[in-house]
Amino acid sequence: MTFSEPSAVPNLGETTPLVPPIAPAREVEVDGHPGPGLGHRTLTEPYLRIENVHKIFGSFVALKDIYLNVYPGEFVCLLGPSGCGKTTLLRIISGLEQQTQGRVIQGGKDVSKLPPSMRDFGIVFQSYALFPNLTATQNIAYGLENQKLPKGQIATRVKELLDLVGLEGMGHKYPSQLSGGQQQRVALARALALSPGLLLLDEPLSALDAQVRVRLRAEIAELQRRLGITTVMVTHDQAEALAMADRIVVMDKGYIAQVGTPSSIYQHPSSPFVANFIGVMNFLDGVVEAADTVRCGNILLHAPSNEVPVGQAVSIAIRPEDMRVADIATDAPNRVEADVVSREFLGAGYRLDLTLSGNARQPITLEISANRARNLNVEALEALSIQLPPEMIRVFPKE
Ligand code: ATP
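Residues numbered from 1 in each chain as written. Predicted model: local features only at pLDDT ≥ 70, side-chain atom pairs only at ≥ 80, totals over all residues. Heavy atoms only, no water.

Novice: Talk me through the site of the ligand; I want residue IDs and the actual numbers.
Specialist: Around the ligand sit Phe57, Phe60, Ala62, Pro81, Ser82, Gly83, Cys84, Gly85, Lys86, Thr87, Thr88 and Glu203, and that is every residue in its neighbourhood. Contact distances for the ligand include 3.0 Å between an oxygen atom and a backbone N or O atom of Gly85. Between the ligand and Lys86, the relevant distance is 2.7 Å, taken from an oxygen atom to a side-chain nitrogen or oxygen of the residue. Burial of the ligand by the protein chains amounts to 57% of its free accessible area of 630 Å². If you list the elements that add at least two residues to the shell around the ligand, you get β2 (60–70) and α1 (86–94). Here the element with the most residues in the shell around the ligand is α1; it accounts for 3 residues. Tallied by class, residues from the shell around the ligand come to 5 nonpolar, 5 polar and 2 charged. (Near = heavy atom within 4 Å. Polar contact = N/O pair within 3.5 Å; in protein donor to acceptor, adjacent residues only side chain to side chain. Areas by Shrake-Rupley, 256 points an atom, 1.4 Å probe, with all protein chains shown as cover. Helix = DSSP H or I, 4+ residues; strand = E, 2+ residues; numbered from the N terminus. Nonpolar A, V, L, I, M, F, W, Y, C, P; charged D, E, K, R; others polar.)

Novice: So what's going on with helix α2 (residues 136–146)? Which residues, and what values?
Specialist: Every buried residue of α2 is listed here: Ala136, Asn139, Ile140, Ala141, Gly143 and Leu144. At its buried positions, α2 is contacted by α3 (151–164) and α4 (180–192). With its phi angle positive at about 60°, Lys148 sits one or two positions after the end of α2. (Buried < 20%, exposed > 50% of the residue type's maximum accessible area, 1.4 Å probe, protein only. Contact = heavy atoms within 4.5 Å.)

Novice: Please give an account of unusual backbone geometry that cites residues and values.
Specialist: Located in the positive-phi region is Asp65, a residue other than glycine, with phi close to 50°. Relative to the helices and strands, Asp65 resides in strand β2. For Asp65, a relative accessible area of 48% corresponds to the partly exposed category. Of note, Lys253 is a non-glycine position whose phi angle comes to about 50°, a positive value. By secondary structure assignment, the location of Lys253 is in the loop between β9 (247–252) and β10 (255–260). Here Lys253 falls in the exposed class, since its relative accessible area comes to 61%.

Novice: Describe in detail the packing of aromatic side chains, supporting the description with residues and values.
Specialist: Applying the stated criterion across every chain, the model contains 3 aromatic pairs. Between Phe131 and Tyr142, the aromatic rings sit 4.9 Å apart at their centres with planes inclined by 35°, giving tilted as the arrangement. Of this pair, Phe131 sits in the loop between β6 (121–124) and α2 while Tyr142 sits in helix α2; the two residues are 11 residues apart in sequence, bridging distant segments of the chain. Owing to a relative accessible area of 24%, Tyr142 belongs among the partly exposed residues under this scheme. The residue whose ring lies beneath Arg319 is Tyr266, and the NZ or CZ to ring-centre distance is 3.8 Å. (Phe/Tyr/Trp six-rings, centres within 6.5 Å; stacked < 30°, edge-to-face > 60°. Lys NZ or Arg CZ within 6 Å of the ring centre and 35° of its normal.)

Novice: Talk me through the pairing of strand β18 (residues 383–387); I want residue IDs and the actual numbers.
Specialist: Counting buried positions over the 5 residues of β18 gives 4, a clear majority of the element. In this sheet, β18 lies alongside strand β15 (residues 335–345) in antiparallel orientation, the contact comprising 5 bridges. Considered in β18, the bridge of Glu337 is made with Ser385. (Pairing = 2+ DSSP bridges.)

Novice: So what's going on with the sheet that holds strand β16 (residues 349–356)? Which residues, and what values?
Specialist: Ordered in space as β17-β16-β15-β18, the 4 strands form an open sheet in which the pairing is antiparallel. A single partner strand is all that each edge strand has here, and the edge strands are β17 (363–369) and β18. Across the sheet, the mean angle from the axis of one strand to that of its neighbour is 45°, orientation sign disregarded. (Axes fitted to C-alpha atoms, helices over the stretch in contact; angles between N-to-C directions.)

Novice: An account of the pattern of salt bridges is needed here, citing residue identities and associated values.
Specialist: Tallied over the full model, the rule gives 20 salt bridges. Measuring nitrogen to oxygen at the nearest pair gives 3.1 Å for the salt bridge that ties Arg213 to Asp237. Taken together, the residues Arg213 in helix α5 (residues 210–227) and Asp237 in the loop between β8 (230–235) and α6 (238–244) connect sequence positions 24 residues apart. Note that Arg361 is salt-bridged to Asp339, the shortest N-O span being 2.8 Å. With Arg361 in the loop between β16 and β17 and Asp339 in strand β15, this residue pair connects regions lying 22 residues apart in the sequence. We classify Arg361 as partly exposed; its relative accessible area is 40%. (Salt bridge = Lys/Arg side-chain N within 4 Å of Asp/Glu carboxyl O.)

Novice: How would you explain the sheet that holds strand β5 (residues 109–110) if you had to name every residue and give the values?
Specialist: In spatial order, the strands read β2-β1-β4-β5; together these 4 strands make up an open sheet with antiparallel pairing. This sheet does not close on itself; its edge strands, each paired only once, are β2 and β5. Across 7 bridges, strand β1 (residues 48–57) lies against β2 in antiparallel orientation. Among the inter-strand pairings, Leu48 is bridged to a residue of β2, identified as Val70.

Novice: With reference to specific residues and values, describe the packing of α4 against α5.
Specialist: Orientation of α4 relative to α5, taken along the N-to-C sense of each, is 15°, at an axis distance of 11 Å. One way to sum up the angle between α4 and α5 is to call them roughly parallel. Here the hand of the crossing between α4 and α5 comes out right-handed. Seen from α4, the contacting residues are Gly181, Gln184, Arg185, Leu188 and Leu192; seen from α5, they are Val212, Arg215, Leu216, Glu219, Ile220, Leu223 and Leu227. (Parallel < 35°, antiparallel > 145°, perpendicular 65-115°, else oblique. Left-handed = near helix turned anticlockwise from the far one by under 90°.)

Novice: Outline the confidence of the model for the protein, listing residues and values.
Specialist: The predicted model of the protein averages 87 in pLDDT, with 89% of residues at 70 or higher. Across residues 1–41, where pLDDT falls below 50, the model places 99 contacts with residues more than four positions away in sequence or in other chains. (pLDDT = per-residue confidence, 0-100.)

Dropping the structure here:
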């Protein structure tokens, strides 16, 4: 279904109340799903299952081995760099694109071969895709009118939807008389009009300016939770995904790199790609010296080297905010000296670019709060002791 193809609005039968009294139960913790047999230990059946989906354009493999379960009421973000295949996956879920291989199962029904008009979803695109010659009310009512619902019922539903997206009293306006954020609210109301089982959001915020974006993302997330509607959103903005999603699917070059809750992905990235894509990460070059010991030039660091064999070249990863700069005992593990190369005032804190002492002189970036910076007299600081807490370090073998 696209809104430039208005006749393709799915047939959903009778309308249902928009706001259920209680949103469906959520899972407490769900992790990634690399393939069949490794599913979630959960009592809830997935609402949407993507099974072994591949997509090939000519000779180009856009998606490979995609397995994903989305649970009822869940908000899942497909996140990744440009060209990683996230929009293609969303289009396959909607039926706008046909997968080369694999199945899409929604609400227990195999919809793999169904056209968009036969599927149960509402969609919001990056470009608001409103009918310019229709008012907000008429845009929202479009799908309801296609259902031939009684006029009174349509009017009630449209008012309810306008209120829901914070556009009370603005139904008479045309898209050209609305701001970008307001147009996107209309698009959202239109996508929700038929109470679809699934809400698909394709970069819905990326055309908006920064402030509107932040406000609307909070509102959409709140609305999604209130409605309890299963939602899949495409974004390339990691802050957006971290703020909005129950789970994030990080994609790279057509495959799923990692699936997990925002905090688990941030704290336990499974690869340097994920570590670098979500948040900021320092990578130091090193070699595994012994179990849980890595060498970085002539500095020995305690770090969870896991199963990485001795002698293996590794990247030693630590986030800028995870290093300690004060109250470090002289015999604390991983206490190292560093020279300050440059500093940047960030408002709420400082970023310091450092080089580690020792013969490796590797660069490392540190972030500290404004409070901490004041105590350190950071503007005059030329060198300092830092600690790389072992539990905050990740060790990735180099390829
Ligand atoms: P972006 O954030 O830039 O939109 P994306 O992750 O959404 O990126 P897709 O639009 O899914 O990426 O595209 C994935 C890859 O598939 C890209 O390399 C793209 O060029 C290619 N691709 C997408 N649609 C087609 C098509 N119809 N024909 C050929 N190649 C395509």
